[in-house]
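Listed below are the residues making up each chain.
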Amino acid sequence: MRLDGIAASPGIAIGPVLRIEPEVLSVRETEVAPAEQETELESFRLALEDSRGELASIRDSIAVELGEQEAAIYDAHLMLLDDPEMLAAVERGVRAGRNAAWVFQGVMASVAARFEKVDDEYLRERRADILDCERRVLRHLLGADRRVLLQLDEPSVVVAHDLGPSEVAQLPRGRVLAFVLEVGGRTSHGAIVARGRGIPAVVSVKGALQAMPAGSRAAVDGFRGVVEPDPDAARTAHYESRRERLRAQSSALEAMRSEPAVTLDGRRIDLGANLELPGDAPLALESGADGIGLFRTEFFYLNRFEKPTEDEQYRTYRGVIERMAGRPVIFRTMDLGGDKVASYLGVTHETNPFLGLRGIRLALASPDMFRTQIRALYRAAAHAPGRVRMMFPMVSSVDELLRSLELCAEVRADLARDDVAHDPGVEVGIMIETPSAVWMADALARHAAFFSIGSNDLVQYTLAMDRDNERLAGLYEPLDPSVLRSIEHTVRAAHAAGRWVGVCGEMAGDPHTAVLLLGLGVDELSMSCYDLPRVKAAVRAVRLADARAIAEQAVRCDSAGPVRALVRERVDALLPGYLALEHNGGANGAPAPERA
Ligand code: PEP
Ligand code: MG
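Everything quoted here is computed from the prediction, not taken from an experiment.

Of all six residues that make up strand β13 (residues 427-432), five are buried, and the element is covered over most of its length. Looking at chain direction, strand β12 (residues 388-392) and β13 are connected through four bridges and run parallel. Its bridge partner being in β13, Met391 is matched across the sheet by Gly429. With respect to chirality, the unit in which β12 leads through helix α15 (residues 398-417) into the neighbouring parallel β13 is right-handed. Bridge count for β13 against strand β14 (residues 450-453) is three bridges, and the pairing is parallel. Each bridged residue has a counterpart across the sheet, and for Ile432 the counterpart in β14 is Ile453.

Turning our eyes to something else, we now look at the sheet that holds β12. Reading around the barrel, the eight strands line up as β9-β10-β11-β12-β13-β14-β15-β16 and close back on themselves, with parallel pairing between neighbours. Strand-to-strand twist in this sheet, taken as the mean axis angle between neighbours without regard to direction, amounts to 25°. Sheet topology note: the strand β10 (residues 291-296)/strand β11 (residues 329-332) ladder contains three bridges and is parallel. Bridge assignment links Phe295 to a residue of β11, and that residue is Phe331. Contacts between helix α14 (residues 367-381) and the sheet are confined to β11, β12 and β13, with β12 contributing the most and set at about 160° to the helix. Lying over the sheet, helix α19 (residues 481-496) contacts β13, β14 and β15 (500-503), oriented at roughly 170° with respect to β14.

This part takes up the packing of aromatic side chains. Scanning the model with the defined rule gives six aromatic pairs in all. Centroid distance Phe44 to Phe104: 5.5 Å. Interplanar angle 55°. Geometry classified as tilted. Separated by 60 residues along the polypeptide, Phe44 in helix α1 (residues 34-66) and Phe104 in helix α4 (residues 100-117) bring together distant segments of the chain. Like Phe104, Phe44 is buried. With a centroid separation of 5.4 Å and an interplanar angle of 55°, the aromatic rings of Phe295 and Phe331 are classed as tilted. With Phe295 in strand β10 and Phe331 in strand β11, this residue pair connects regions lying 36 residues apart in the sequence.

Protein-derived coordination of the magnesium ion (ligand 2) comes from Glu433 (OE) and Asp457 (OD), at a distance range of 2.0 Å. Taken together, the residues span a long stretch of sequence, with Glu433 in the loop between β13 and α16 (435-439) and Asp457 in helix α18 (residues 455-463) at a distance of 24 residues. Accessibility classification places Glu433 together with Asp457 in one group, the buried group.

To continue, consider the packing of helix α20 (residues 511-519) against helix α21 (residues 532-541). In a pair of packed helices, the angle between the axes and the distance between the axes together describe the arrangement. The contact between α20 and α21 brings their axes to 9 Å, and the two run at 50°. Taken together, α20 and α21 sit at an angle that is classed as oblique. In this structure, α20 crosses over α21, and the sense of that crossing is right-handed. Side by side, α20 and α21 meet where Pro511, Ala514, Val515 and Leu518 of the first sit next to Arg534, Val535, Ala538 and Val539 of the second. Residues belonging to the contact of α20 with α21 are distributed by class as follows: seven nonpolar, no polar and one charged.

Turning our eyes to something else, we now look at the nonpolar core. Ranked by size, the top nonpolar core spans 107 residues in total, and within it Phe392, Phe451, Ile487 and Leu525 carry the most contacts. In this structure Phe392 touches Thr333, Ile360, Phe370, Leu401, Ser404, Leu405, Cys408, Val428, Gly429, Ile430 and Met431, once residues within four positions along its chain are discounted. Counting residues in each nonpolar core, the second largest holds 33 residues, with Leu48, Ile73, Val111 and Ala112 among its members.

Take the site of ligand 1 next. In the region of ligand 1, 14 residues are neighbours, and Arg296, Arg332, Glu433, Asn456 and Arg467 sit closest. At 2.7 Å, a side-chain N or O of Arg332 approaches an oxygen atom of ligand 1. Contact with the protein chains covers 97% of the free accessible surface of ligand 1, which is 290 Å². Counting only elements with at least two residues in the shell around ligand 1, the list comes to β10 and α18. If you tally residues by element for the shell around ligand 1, the top one is α18, at three residues. Residue classes in the shell around ligand 1 are distributed as three nonpolar, four polar and seven charged.

Overall, the predicted model of the protein chain reaches an average pLDDT of 88, with 92% of residues at or above 70. Low pLDDT (under 50) marks residues 585-596, which in the prediction has 44 contacts with non-local residues, meaning those over four places away or in another chain.

Read across the sheet, eight strands follow the order β1-β8-β7-β3-β4-β5-β6-β2 without closing on themselves; strand pairing throughout is mixed. This sheet does not close on itself; its edge strands, each paired only once, are β1 (3-4) and β2 (6-9). The strands that helix α9 (residues 233-254) touches are β3 (12-20), β7 (217-221) and β8 (226-229); relative to β3, the one it contacts most, it runs at about 115°.

Turning our eyes to something else, we now look at the pattern of salt bridges. Counted according to the given criterion, the structure contains 37 salt bridges. Ionic pairing is found between Arg136 and Glu54, a salt bridge with its closest N-O pair at 2.4 Å. Placement of the pair is Arg136 in helix α5 (residues 121-142) and Glu54 in helix α1, with a sequence separation of 82 residues. Among the salt bridges present, the one from Arg332 reaches Glu298, with a minimum N-O distance of 3.0 Å.

Burial of β12 is extensive: five of the five residues sit out of reach of the surface. Across four bridges, the pairing between β11 and β12 is parallel. Within β12, the position partnered with Phe331 by the bridge is Met390.

Attention now moves to the environment of Arg540. By the element assignment, Arg540 lies in helix α21. Not counting residues up to four positions away in its chain, the partners in contact with Arg540 are Met256, Glu259, Pro260, Ala261, Val262 and Leu264.

Along the chain, the position of Met391 falls in strand β12. Separated by 59 residues in sequence, Met391 and Phe450 have C-alpha atoms that sit 8.5 Å apart. With residues up to four places along the chain from it excluded, the contact list for Met391 reads Gly293, Leu294, Ile330, Phe331, Arg332, Thr333, Gly429, Ile430, Met431, Phe450, Ser452 and Cys504.

So, how was this worked out
- Residues numbered from 1 in each chain as written.
- Chains lettered and ligands numbered in written order.
- Predicted model: local features only at pLDDT ≥ 70, side-chain atom pairs only at ≥ 80, totals over all residues.
- Heavy atoms only, no water.
- Buried < 20%, exposed > 50% of the residue type's maximum accessible area, 1.4 Å probe, protein only.
- Helix = DSSP H or I, 4+ residues; strand = E, 2+ residues; numbered from the N terminus.
- Pairing = 2+ DSSP bridges.
- Right-handed = clockwise from strand over helix to strand, strands pointing away.
- Axes fitted to C-alpha atoms, helices over the stretch in contact; angles between N-to-C directions.
- Contact = heavy atoms within 4.5 Å.
- Phe/Tyr/Trp six-rings, centres within 6.5 Å; stacked < 30°, edge-to-face > 60°.
- Donors = N, O, S within 2.8 Å, 3.2 Å for Na, K, Ca; no water.
- Parallel < 35°, antiparallel > 145°, perpendicular 65-115°, else oblique.
- Left-handed = near helix turned anticlockwise from the far one by under 90°.
- Nonpolar A, V, L, I, M, F, W, Y, C, P; charged D, E, K, R; others polar.
- Core = buried A, V, L, I, M, F, W, Y, C linked by side-chain atoms within 4.5 Å.
- Near = heavy atom within 4 Å.
- Polar contact = N/O pair within 3.5 Å; in protein donor to acceptor, adjacent residues only side chain to side chain.
- Areas by Shrake-Rupley, 256 points an atom, 1.4 Å probe, with all protein chains shown as cover.
- pLDDT = per-residue confidence, 0-100.
- Salt bridge = Lys/Arg side-chain N within 4 Å of Asp/Glu carboxyl O.

Encoded structure:
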């Protein structure tokens, strides 16, 4: 049997199942006589106080382990406990003669219900935070034991309906082989904490508890989002060998960690890491990256109820820059809109959100918010002058670039006038993600310091294929010659103007495709920390001259099929055995490669 879910954190695990039964905190409605109401309220206040103490200590340990941004989850919990409306409602209920637990549960249910209806995945996920918080207070009020994982004395695959973020955070390290949850999405906080800790996780697995009784075993594939309950001997051997191959691969790759990405004939390529969470900067260093080629700043805007302030952003950007210890960092300014909407942005319904107010368009439509981010970036850059760059997403015209550069100039003038420390020399580049940007690359290159090709979107807009539409997954084709020609054209225009070009979409993270990009003349590649060591191994295994010859042939192909065949025959022959398509899929059109 095989259960499908959402791949929330990569890795392979196999082992005994530890079920976490749904927690039942039974709250009955009882009457509280007037003489006892003060005591009832006092116990409620005490429960809140104890909950605050617990949350504060979890918060601090997460801040140390994963970073301030992740710790902010618990600030949100703390705020919920201090919400004056909630406090007043509970007091009113108790004064009306009802027990505090009953009233509190009702109030929290109505807060949670508000989130259920919102049209924003990130906010919907916050329901889990509210429930987590509610359970914590109720446990104190009812004198119930915390749902602890005492049985976790042997490394296990933890299977639960749901785990609150604080429960995930408190699991003993090293004992959890993987998480399988019946609910949740990639952006649920439990998933984020799992990724931060490097634990494989598959979420949204319907019927997981029923399929995995106590005493059973399970195999978990966090790359593909698959769980196999009770694998037989052959399947067990299959998972064990994948796990072993990952280990072997990672020791081969580990040996190259501090080596540069240089081809056999001496062409040096910069390898950057793509990051979404500030706390992941150490992962970039561990992966052997030369810097951060794409820092997606959306996380900041989406995971909350109101806009982030300048100081908050400044502190976070500064933290990332400092953790990268002098290596360059490229911050991509807010790429909101499309599927990334937050209620406070006031984005109204759009029929075609991916062709709507997104990326730089939305930023320019909210100049105050955009200016705040630019200010924070210039200020943070003062802590590593010359090492910080910024780039704008989804640019589709020279005008958009000029208007954004004007905002940057205004911000620099303000900072200089107010004598605020900043680095006026921050280089400003753009992402090439639209066909119009490709064709205007020569004009854009006159104003942008560098280009970074966002191939995920470039493929989507070049082929007019929704990148997230499962029914188009077989057609959404990065190796289509139209995409390769767009990249070739962009590189030529940029180099003619003396600008460098990177690629920061998923294409850059596939070792075979990376060789093709090298051949097309790309100067930098940026990818997830998991993919980086494998791409480095590929770069170090080829000659630029060979990569060029293959790329020249690829752009002359009529369709993606012959390009794939070319990659299969010519690129595969150049790469070390452990990167072979046979084992890994990847450019072949097979499932995404496993990561070491
Ligand atoms: C891209 O489009 O390739 C890219 C890197 O940006 P995002 O995936 O965040 O849209
Ligand atoms: Mg993009």
